[in-house]
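# Remarks on the overall topology
Each chain is listed here by its residues.
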Amino acid sequence: MIVHNCEAALHEGNMTKQVSGSPFLKPFFLKTPVRVVSPRQQRRHTLPASEFRNLTPQDAISVFEIEREAFVSVSGECPLTLDEVLNFLGQCPELSLGWFEEGQLVAFIIGSGWHKERLSQEAMTQHVPDTPTVHIHVLSVHRHCRQQGKGSILLWRYLQYLRCMPGLRRALLICEDFLVPFYLKAGFKEKGPSEISVSTMQFQEMEYMLNGQVYARRNSGC
């Protein structure tokens, strides 16, 4: 159950360029083909080109497949098991956010509630409702959608979404040392070494105050 963001680990470490436009993807439309298309192809035309929404337990398999591909090849561990994904999406779907393109999940964040000043090992598997702190467990992007800035855009969208939720004050996460610059650029502050460890891996704890300034949207290159 390691954290955090293998997609960022692979591609977002040196964000330098600012996104020049909106963080929302612009819709695009397919030209109507001259030939007759199948009903399945016709249905694809009704799907939104780009959509952000909370995840549900029905999305759990897609979530886990993206997560497993992103993390296991690098660290050998997934931040969340499939059962834990199902648990969090069942208990606190409002603390998740998925990015869908033509109905397909391309990136996601999963969070849960936490009630203490610092994250502990319990926070890796526990959701505490009605608390002012969100623990961000995982951010991951589909392998075919990396190198497009999706990780940083989705993080920006998620943090601004949290800012609109009554009662939430901050977000916490843990990450490896080489990801600290990415999260600093996203507006997080360092809280120091985390007491959480997985195998021989050590982490830094990061904090984002939800009543603070909106961080600049950047293109990480992921």
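Residues numbered from 1 in each chain as written. Predicted model: local features only at pLDDT ≥ 70, side-chain atom pairs only at ≥ 80, totals over all residues. Heavy atoms only, no water.

### Notes on the pairing of strand β5 (residues 133-141)
Among the 9 residues in β5, 9 count as buried, and that is most of the element. Sheet topology note: the strand β4 (residues 104-114)/β5 ladder contains 8 bridges and is antiparallel. Across the sheet, Trp114 pairs through a bridge with Thr133, a residue of β5. Both β5 and strand β6 (residues 170-175) contribute to a ladder of 3 bridges, which runs parallel. Considered in β6, the bridge of Val134 is made with Ala171. For the crossover from β5 across helix α5 (residues 150-163) to β6, the handedness is right-handed. (Buried < 20%, exposed > 50% of the residue type's maximum accessible area, 1.4 Å probe, protein only. Helix = DSSP H or I, 4+ residues; strand = E, 2+ residues; numbered from the N terminus. Pairing = 2+ DSSP bridges. Right-handed = clockwise from strand over helix to strand, strands pointing away.)

### Let's talk about the environment of Tyr208
Along the chain, Tyr208 falls in strand β8 (residues 201-209). Distance in space between the C-alpha atoms of Tyr208 and Phe188 is 4.5 Å, their sequence separation being 20 residues.

### Quick look at the nonpolar core
Formed by 48 residues in total, the largest nonpolar core has its most connected members in Ile110, Leu155, Leu162, Tyr183 and Phe188. If near-sequence neighbours (up to four positions away) are discounted, Ile110 is found in contact with Leu55, Val63, Leu80, Val85, Phe88, Leu89, Leu95, Ser96, His135, Ile136, His137 and Val138. With 11 residues, the next largest nonpolar core counts Trp114, Met124, Leu172 and Ile196 among its residues. (Core = buried A, V, L, I, M, F, W, Y, C linked by side-chain atoms within 4.5 Å. Contact = heavy atoms within 4.5 Å.)

### So, the sheet that holds strand β7 (residues 189-198)
Read across the open sheet, the 7 strands follow the order β2-β3-β4-β5-β6-β8-β7; overall the sheet is mixed. Looking along the sheet, the strands with just one partner apiece sit at the ends: β2 (51-53) and β7. Between one strand axis and the next, the sheet turns through 25 degrees on average, direction left out of account. Against the sheet, α5 engages β2, β3 (96-101), β4, β5, β6 and β8, with an angle of about 135 degrees to β3. (Axes fitted to C-alpha atoms, helices over the stretch in contact; angles between N-to-C directions.)

### What about α5?
Over its 14 residues, α5 runs 20 Å from end to end, which matches the ideal 20 Å to within 8%, given 1.5 Å per residue. The buried fraction of α5 amounts to 12 of the 14 residues, a majority that puts the element mostly inside the structure. Those residues of α5 not exposed but buried are Lys150, Gly151, Ser152, Ile153, Leu154, Leu155, Trp156, Arg157, Tyr158, Leu159, Gln160 and Leu162. (Expected span 1.5 Å × (residues − 1).)

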